[in-house]
Amino acid sequence: MIERAKIESLIAALVRIESINPDLVEGGSGEEKIARFVADYLTRAGLESAFRVCAPASAQMPCRANAVGILKGRGGGRSLMLNGHLDTVGVAGMHEPFSGRVEGGRLYGRGAQDMKGGIAAALIAIESLANGPALKGDVVFAGVADEEFESKGTRALLENVRTDAAVVMEPTGLEVVTAHKGFVWAQVHTLGRAAHGSRPEEGLDAIAFMGRVLGKIEALEGELRRHPHPRLGPGSVHASTISGGQELSSYPAESQLRIERRLLPGEDAQTFERELGEILSGLSSADKSFRAELKMGYSAQALETPLEARIVRTLMASATKIIGPRAKLGAQSYWTDAAFLSQAGISSVLFGPGGSGLHSAEEFVLVDEVAQCSEVLVECAREFCNREP
Ligand SMILES: [Zn+2]
């Protein structure tokens, strides 16, 4: 049994270190301070550990860093990574973002649930593994930078770390999550012709052109809904931001639309590029004056780990042993670093303590679930890492 006071003080210590992603919120501190804290914790627990810079500080940005620790096995077993992001979203509108206050079994603060509670669970788990009999395989703890933006941390990590499997401690409410959606961003630019508002024969209305694009995007959304994935539901597409035009009395020369498409397993950026390409070429063959340009943006694929994968079976058995019939398999809509790990050949799942207030004004994690998560991770590592690869 893990001491409750120890769990609470560790989560609170993590929450009190502001680690807002500076790519999301100007002035955010990034991960340097929290990565040093975590690396020190791992060293004290007896691991080979390191503070690793993944993007050095610049005039505009603070240093971005990972904390990585390896609990070396005796050899001959499978290796497991416990991966958690150190960054958080911003704190606008929050009353006490860094208090770490505990009340009624809830610990409050930005990142308490997403995902400093999960990080605390994994740190305590790896410490208790370090104090127990040596495992055959290695257990790697990876506290990573920038998951909330472009995953600089996990991408840097993958340059020199590989394990057989990974558990990413996102707040799943102790569900073993094996699938989530991916996403892709794109920008459409329609081109009209500026003219005085009194001269329709000269003007081409770029915003009206964009209206046609929006109509087709809505139709695409309807089409996507007709093909749901059995565990994730349908893919989706929506307009994110729109701009255009100069002033009231003129035909707008251009309009910009930014769009997001959520992807199912098997879909990627090319899927959306093809869909948008068809929309735009259809509109220009219907009207020769229609002109538009397409620019694809950042994208990340979905996660779909087979239910028969060893890590899924082992984690489910471990969860069932600790939390009983509450243990279950699940799927999530939001994207995580597990997709990158999976693409790199590391069989990955999500499993972490629940709470409420993901990215919103009041966030908390359930302390009991952090304790249970930690016990499940210990059990899972013993089962997984003591077997041959
Ligand atoms: Zn998260």
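This one's a predicted model, so the numbers in the text were calculated from it and none came from an experiment. (Residues numbered from 1 in each chain as written. Predicted model: local features only at pLDDT ≥ 70, side-chain atom pairs only at ≥ 80, totals over all residues. Heavy atoms only, no water.)

1. A look at the overall build of the chain
Where we set the bar: Under the scheme used here, helices are H or I runs from DSSP no shorter than 4 residues and strands are E runs no shorter than 2 residues, and both carry numbers assigned from the N terminus. Any two residues whose heavy atoms approach within 4.5 Å at even a single point are treated as in contact. Using the Shrake-Rupley algorithm and a 1.4 Å probe, accessible areas are obtained, with residue cover drawn only from the displayed protein chains. Charge counting treats Lys and Arg as positive and Asp and Glu as negative, with His and both chain ends excluded. Charged groups are reduced to one reference atom each: NZ for lysine, CZ for arginine, CG for aspartic acid, CD for glutamic acid.
Across its full length, the chain holds 9 helices and 19 strands. Expressed as lengths along the three principal axes of its C-alpha atoms, the size of the chain is roughly 85 × 40 × 40 Å. Put simply, 78% of the contacts in the chain that link residues at least 6 apart link residues at least 24 apart. In the form shown here, the chain has an accessible surface area of approximately 16,800 Å², with 50% of it arising from carbon and sulfur atoms. Between the mean site of the 41 positive side-chain charges and the mean site of the 50 negative ones, the chain shows a separation of 4 Å.

2. Notes on the nonpolar core
Side chains that are nonpolar tend, in soluble globular proteins, to be buried together. For the record, the criterion: Side-chain atoms within 4.5 Å are what join buried Ala, Val, Leu, Ile, Met, Phe, Trp, Tyr and Cys residues into a set we call a nonpolar core. A simple rule labels every residue: compare its accessible area, found with a 1.4 Å probe on the protein chains alone, to the largest value its type can have, and call it buried under 20%, exposed over 50%, or partly exposed in between.
Counting residues in each nonpolar core, the largest one holds 64 residues, and the members touching the most others are Phe141 and Phe351. Residues Met81, Ala142, Trp335 and Ile346 belong to the second largest nonpolar core, which totals 22 residues.

3. Focus on the side chain of threonine 172
Selection rule: For this analysis, a polar contact is any N or O atom pair within 3.5 Å, provided that within protein one partner can donate a hydrogen and the other can accept it, and provided that sequence-adjacent residues contribute only side-chain to side-chain pairs.
Note that threonine 172 resides in the loop between strand E7 (165-168) and strand E8 (175-180). With a relative accessible area of 7%, threonine 172 lands in the buried category. Among the polar contacts listed, one links the side chain of threonine 172 to the backbone oxygen of glutamate 175, at a separation of 2.7 Å. Residue contacts for threonine 172: discarding those within four places in its chain leaves Val177, Gln332, Tyr334, Leu350, Phe351, Gly352 and Pro353.

4. Looking at the coordination of the zinc ion
Definition in use: For Na, K and Ca the donor cutoff is 3.2 Å, while for all other metals N, O and S atoms count as donors only within 2.8 Å; water does not appear among the atoms, so some sites may look incomplete.
All of the protein donors around the zinc ion are His85 (NE2), Asp114 (OD), Glu170 (OE) and Glu170 (OE); their distances to the metal are 1.9 to 2.7 Å. Read from N- to C-terminus, the donor residues coordinating the zinc ion fall into the pattern H-x28-D-x55-E. Remark: glutamate 170 occurs in the loop between E7 and E8 and aspartate 114 occurs in helix H3 (residues 112-131); sequence separation between them is 56 residues. The class of glutamate 170 is buried, set by a relative accessible area of 4%.

5. Observations regarding the domain arrangement of the chain
For the record, the criterion: Each domain span listed reflects an automatic or database assignment of domains. By buried area we mean the combined loss of accessible area, with a 1.4 Å probe, across both parts when two parts are placed together.
According to the domain assignment, the chain contains domain 1 (4-180 + 302-385) and domain 2 (182-300). Inter-centroid distance (C-alpha atoms) of domain 1 to domain 2 is 37 Å. If you look at the interface, domain 1 gives 15 residues, while domain 2 gives 11 residues. Surface buried jointly by domain 1 and domain 2 totals about 1,100 Å² across both partners, of which 60% is contributed by carbon and sulfur atoms.

6. Details of the environment of lysine 152
Its place among the elements puts lysine 152 in helix H4 (residues 152-157). The class for lysine 152 is partly exposed, based on a relative accessible area of 23%. Taking the C-alpha atoms as reference points, lysine 152 and asparagine 66, 86 residues apart in sequence, are found 9.4 Å from one another. The contacts of lysine 152, once residues within four sequence positions are left out, are Asp23, Cys54, Ala55, Arg64, Ala145 and Asp146. Engagement of the side chain of lysine 152 in a polar contact is seen with the side chain of aspartate 146, the distance being 3.1 Å.

7. What to know about the state of the cysteines
What counts, and what does not: Cysteine sulfur atoms are paired as a disulfide whenever they fall within 2.5 Å.
Going through the model one piece at a time under the given rule, you end up with 0 disulfides. Note on cysteine 380: no disulfide assigned, nearest cysteine sulfur contributed by cysteine 385 at a separation of 7.6 Å. Cysteine 385 gets classed as buried once you look at its relative accessible area, which sits at 0%.

8. Points about the side chain of threonine 305
Position of threonine 305 among the secondary structure elements: in the loop between strand E15 (303-304) and helix H7 (310-323). The exposure class of threonine 305 is buried, given its relative accessible area of 4%. Not counting residues within four places of it along the chain, the set of residues in contact with threonine 305 comprises Thr178, Val312, Ser347 and Ser348.

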